[in-house]
Amino acid sequence: MRHTLDPEIVRKLDDLTQIQRLTPKGRRDIIVLLDLLEGEYGVTLSSTQASMFISHLTETFRRLGRGEPAPLMEATTAGQIRSFGGSGIVDQMVKDFCRITGNRFPISEEEYLKMYLSSLLSYGSSD
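Given the structure is predicted, the values throughout are model-derived calculations rather than measurements.

Asker: Outline the overall build of the chain, supporting the account with residue identities and numerical values.
Answerer: On a plain count of helices and strands, the chain comes out with six helices and zero strands. Helices and strands appear in the chain in the N-to-C order α-α-α-α-α-α. Here the chain holds 127 residues, and the buried ones make up 41% of them. Restricting the contact set of the chain to residue pairs at least 6 apart, pairs at least 24 apart contribute 75%. Accessible area for the chain stands at about 7,100 Å²; split by element, carbon and sulfur atoms hold 52% of it.

Rendered as structure tokens:
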């Protein structure tokens, strides 16, 4: 990793893993994504943003593990995400994350991941 994660973020990941809401692989994958966001894309998350993002990813991995992907977004919402000015960056972030971790997401989960990443890019690193 290229940076040190906030101890509060590490504690949240450890707690989620300990209570089995997050698998050890899911924990590693989230760390990879947080590192990728900061190291490759210069996106530094506040502890609040990271906590919300971790919660989202934990639920994503839980649903996928149970074979219950999120429902597809309404077309207008998905279109708004695709038209976001940083959508090329977001697409690349998701591709890089999947390449590094070996994860593959159904289109519905990928849309939600892109929505979160888009909002993080839009709002910067403010709490």
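Still to come is the rest of the account.
Asker: Tell me what's going on with the nonpolar core, and back it up with residues and numbers.
Answerer: Counting 27 residues, the largest nonpolar core has Phe 53, Leu 113 and Leu 117 as the members making the most contacts within it. When residues of this core are traced back to their parent elements, those giving at least two are α1 (7-18), α2 (24-39), α3 (47-65), α5 (87-101) and α6 (107-123). Here the element with the most residues in this core is α2; it accounts for six residues. When residues no more than four places from it in sequence are discounted, the contact partners of Leu 117 are Leu 37, Phe 53, Val 90, Met 93 and Val 94.

Asker: Which residues make up the pattern of salt bridges, and what values go with them?
Answerer: Counted under the stated rule, the structure contains eight salt bridges. Of the charged contacts in the structure, one is a salt bridge between Asp 96 and Arg 99, with a shortest N-O distance of 3.4 Å. Residue Asp 96 and its partner Arg 99 are both found in helix α5; the two are separated by three residues, about one turn of the helix. Using a relative accessible area of 58% as the deciding quantity, one classes Arg 99 as exposed. With its nearest N and O atoms 3.1 Å apart, the salt bridge here joins Glu 110 to Lys 114. Residue Glu 110 and its partner Lys 114 are located together in helix α6, separated by four residues, close to a single helical turn. What makes Lys 114 buried here is its relative accessible area of 17%.

Asker: Outline the environment of Arg 21, listing residues and values.
Answerer: Here Arg 21 lies in the loop between α1 and α2. Residue Arg 21 is classed as partly exposed on the basis of its relative accessible area, which comes to 38%. Separated by 38 residues in the primary sequence, Arg 21 and Glu 59 have C-alpha atoms spaced 8.2 Å apart. Excluding its chain neighbours within four sequence positions, the residues that come into contact with Arg 21 are Leu 16, Thr 58, Glu 59 and Arg 62.

Asker: Pulling in residues and values, what's your account of the packing of aromatic side chains?
Answerer: All told, the structure shown has three aromatic pairs when counted by the stated rule. Where Phe 53 meets Tyr 116, the ring centres are 6.1 Å apart and the plane angle is 35 degrees; that geometry is what we call tilted. Note that Phe 53 is positioned in helix α3 and Tyr 116 in helix α6, a separation of 63 residues in sequence. On the accessibility criterion, Phe 53 (1% relative accessible area) is buried. Tyr 116 sits in the partly exposed class, given a relative accessible area of 24%. Between Phe 97 and Phe 105, the aromatic rings sit 6.1 Å apart at their centres with planes inclined by 15 degrees, giving stacked as the arrangement. Note on accessibility: Phe 97 and Phe 105 belong to one class, buried. One aromatic cluster is present, built from ring pairs that chain together Phe 61, Phe 97 and Phe 105.

What counts, and at which threshold
- Each chain carries its own residue numbering, running from 1 in the direction its sequence is written.
- Local features in this predicted model are restricted to residues of pLDDT 70 or higher, and side-chain atom pairs are both shown and tallied only at a pLDDT of 80 or more, whereas totals for entire chains, interfaces and linings draw on every residue.
- With hydrogens and water excluded, all non-hydrogen atoms of the structure serve as input to the side-chain values.
- Numbering of helices and strands starts at the N terminus; helices are DSSP runs of H or I of at least 4 residues and strands are runs of E of at least 2.
- Buried means the residue's accessible area, taken with a 1.4 Å probe over protein chains only, is under 20% of the maximum for its type, while exposed means over 50%, and partly exposed covers the values in between.
- Whether two residues are in contact is decided by their heavy atoms: any pair within 4.5 Å suffices.
- For accessible areas, the Shrake-Rupley method is used with a probe of radius 1.4 Å. Any residue's cover is judged against the shown protein chains and nothing else.
- Buried Ala, Val, Leu, Ile, Met, Phe, Trp, Tyr and Cys residues form a nonpolar core when they are joined through side-chain atoms within 4.5 Å.
- Definition used for salt bridges: Asp or Glu carboxyl oxygen within 4 Å of a side-chain nitrogen of Lys or Arg.
- What counts as a ring pair is set by centres within 6.5 Å for rings of Phe, Tyr and Trp (its six-membered ring), and what kind of pair is set by the plane angle: stacked under 30 degrees, edge-to-face over 60, tilted for all other angles.

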